[in-house]
Amino acid sequence: MTGAEKTGAPARNEGRRPWGRHARRAASLLTALALWQLLTHFGVNGWLRFSQLPTVTETAHEFGLRLARATYWQDLTDSLTRILSGFALAAVLGVAVGTAVARSPLAADLFGPLLEVLRPIPAIALVPVAILLFPGNEQGIVFITFAAAFFPVTVSTRHAVRALTPVWEEAVRTMGGGRWRVLWSVVLPGALPGILGGLSVGIGVAWICVISAEMISGEYGVGYRTWQDYTIVDYPGVFVGMATIGLLGWLTSTAVEVLGRRVTRWLPRTASGRPEPSTGRARRRPGRTAPTRGERAPS
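Residues numbered from 1 in each chain as written. Predicted model: local features only at pLDDT ≥ 70, side-chain atom pairs only at ≥ 80, totals over all residues. Heavy atoms only, no water.

*Asks:* Looking at this structure, how should I read the overall build of the chain?
*Replies:* Tallying secondary structure elements over the chain gives eleven helices and zero strands in all. The proportion of buried residues among the 299 residues of the chain is 32%. For the chain, the proportion of contacts with a sequence separation of at least 24, taken over those separated by at least 6, is 66%. As presented, the chain carries roughly 19,200 Å² of accessible surface, and 64% of it is formed by carbon and sulfur atoms. (Helix = DSSP H or I, 4+ residues; strand = E, 2+ residues; numbered from the N terminus. Buried < 20%, exposed > 50% of the residue type's maximum accessible area, 1.4 Å probe, protein only. Contact = heavy atoms within 4.5 Å. Areas by Shrake-Rupley, 256 points an atom, 1.4 Å probe, with all protein chains shown as cover.)

Here's what the structure looks like:
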């Protein structure tokens, strides 16, 4: 058996038994829920106090009641609208700015220092600035969501573009390709795995900041409702909000991952299903050897 076959064996076996991974994931969630139920039901107190927390059954009951209310779905819609608007804007501008900074010395001199100064500032710290800049809370929350996702996307794009091998660009220019042809045919496709990594990180950070912004200055949304439940000591409602946030974050992150798999289907995959990083070296076909000195390579 060749080395390639040995490397591909785990991936094939994993693909033949997908139920095994699903069972492990379901078991981990059920175990966590069972532990939560036991600790809260018996009111275990120690270094952590579980007697003040609602049980799983109480939270599930409250979740069922919330699903029948129009306010729950309105909050859900508002939060999704904010996150999608801010994240879409951050994805477009982040990829554009990251590519420009990586490819152009002029753009790197103009925008690089500004990005490095603003990047360490937490997006949630921009809430006072958003309140002063924008006439309404809605625009301010979208701005905070944009700021949270913009920097991870920009930095990942910059590093991915700079890591590309120059051989591909030289090959396109040798065939008469111009700057835009190089950008669309070499730079963006080659940097795509790194860009998708930045998008995955950005969507997670954006959820953290949009919920925090809703708690501070929002009027509707999952974060606002969760904070309101806390102020009136409705702890099952608080956990319903936390569960909703977790589910929304998981769904949006999964959507980004699925989209990434579809647009990178042309990349070779590792045993875990992730795209292999581009090294710029051509892969040899099985059974083919490199031509020795004095021997012409096959045309």
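*Asks:* Which parts of the structure should I look at to understand the packing of aromatic side chains?
*Replies:* Any two aromatic rings considered together are summarised by their centre-to-centre distance and by the angle between their planes. All chains considered together, the criterion is met by seven aromatic pairs. Centroid distance Tyr-72 to Trp-73: 5.4 Å. Interplanar angle 90°. Geometry classified as edge-to-face. According to the relative accessible area criterion, Tyr-72 is buried, its value standing at 12%. Residues Trp-227 and Tyr-230 carry aromatic rings whose centres are separated by 5.3 Å and whose planes lie at 35° to one another, so their mutual orientation is tilted. One end of the pair is Trp-227 and the other is Tyr-230, both in helix α10 (residues 222-231) and three residues apart, which spans about a single turn. (Phe/Tyr/Trp six-rings, centres within 6.5 Å; stacked < 30°, edge-to-face > 60°.)

*Asks:* Would you explain the packing of helix α3 (residues 56-67) against helix α11 (residues 235-263) in this entry?
*Replies:* In a packed pair of helices, the relevant descriptors are the angle between the two axes and the axis-to-axis distance. The contact between α3 and α11 brings their axes to 9 Å, and the two run at 75°. Looking at the two axes, α3 sits roughly perpendicular to α11. Residues Glu-58, Thr-59, Glu-62, Phe-63 and Arg-66 of α3 touch α11, and the partners they reach there are Pro-236, Gly-237, Phe-239, Val-240, Ala-243, Thr-244 and Leu-247. The class makeup of the residues in the contact of α3 with α11 is six nonpolar, three polar and three charged. (Axes fitted to C-alpha atoms, helices over the stretch in contact; angles between N-to-C directions. Parallel < 35°, antiparallel > 145°, perpendicular 65-115°, else oblique. Nonpolar A, V, L, I, M, F, W, Y, C, P; charged D, E, K, R; others polar.)

*Asks:* When you look at the environment of Ala-149 in this model, what are you seeing that I'm missing?
*Replies:* Among the structural elements, Ala-149 can be located in helix α7 (residues 137-162). Taking the relative accessible area as the measure of exposure, Ala-149 reaches 0% and is therefore buried. Spatially, the C-alpha atom of Ala-149 lies 6.3 Å from that of Val-205, the residues being 56 residues apart in sequence. Ignoring any residue separated from it by four or fewer positions in sequence, one finds Ala-149 in contact with Phe-87, Ala-90, Gly-202 and Ala-206.

*Asks:* Explain helix α5 (residues 105-118) here, please?
*Replies:* Each full turn of the α-helix corresponds to 3.6 residues, which orients residues three or four apart in the same direction. Between its first and last C-alpha atoms α5 spans 20 Å; for 14 residues at 1.5 Å apiece the expected length is 20 Å, and the two agree. Along α5, the largest kink reaches about 40° and is centred on Phe-111; proline Pro-113 follows within four residues of it. If you check which residues of α5 are buried, you get Ala-107, Gly-112 and Leu-115. (Expected span 1.5 Å × (residues − 1). Bend = angle between axes of the 7 residues up to and from the residue.)

*Asks:* Sorry, what's going on with the environment of Val-201 here?
*Replies:* Checked against the element boundaries, Val-201 lands in helix α9 (residues 179-217). Residues Val-201 and Ala-148, spaced 53 residues apart in sequence, show a C-alpha to C-alpha distance of 10.0 Å.

*Asks:* Before we go on, may I ask you to explain a nonpolar patch on the surface in this structure?
*Replies:* A grouping of Met-215, Ile-216, Trp-227, Tyr-230, Val-233 and Tyr-235 is seen on the molecular surface, where their side chains present a nonpolar patch of about 580 Å² in accessible area. Looking at the nonpolar patch, the elements that each hand over two or more residues are α9 and α10. Owing to a relative accessible area of 52%, Val-233 belongs among the exposed residues under this scheme. (Patch = residues over 30% accessible without salt bridge, like charges linked within 9 Å, V, L, I, M, F, W, Y side chains within 5 Å. Salt bridge = Lys/Arg side-chain N within 4 Å of Asp/Glu carboxyl O.)

*Asks:* Please explain the pattern of salt bridges as it appears in this structure.
*Replies:* Pairs can form between side chains of opposite charge once their charged atoms are near each other. Considering all chains together, one arrives at nine salt bridges under this definition. When the shortest N-O distance is used, the salt bridge between Arg-66 and Asp-234 registers 3.2 Å. You can see Arg-66 sitting in helix α3 and its partner Asp-234 sitting in the loop between α10 and α11, a full 168 residues away along the chain. According to the relative accessible area criterion, Arg-66 is buried, its value standing at 8%. One salt bridge connects Glu-116 with Arg-119, and the closest N-O pair in it is separated by 2.9 Å. By relative accessible area, Arg-119 is classed as partly exposed at 37%. Because the salt bridges share partners, they merge into one network encompassing Glu-62, Arg-66, Asp-229 and Asp-234.

*Asks:* What exactly am I supposed to notice about unusual backbone geometry here?
*Replies:* Trans is the prevailing form of peptide bonds, just as negative phi is the prevailing case for residues other than glycine. With a phi close to 60°, Val-233 is a non-glycine residue in the positive phi region. Assignment of secondary structure puts Val-233 in the loop between α10 and α11.

*Asks:* Looking at this structure, I do not really get the nonpolar core. What am I missing?
*Replies:* Here is a general trend for soluble globular proteins: nonpolar side chains tend to be buried in one another's company. Core analysis: the largest hydrophobic core is formed by 47 residues, its most contacted members being Ile-144, Leu-199 and Trp-207. The set of elements that each furnish at least two residues to this core consists of α4 (70-103), α6 (127-133), α7, α9 and α11. In terms of residue count, the dominant contributor to this core is α9 (16 residues). In contact with Ile-144, not counting residues within four places along its chain, are Ala-123, Val-127, Ala-130, Cys-209 and Ala-213. (Core = buried A, V, L, I, M, F, W, Y, C linked by side-chain atoms within 4.5 Å.)

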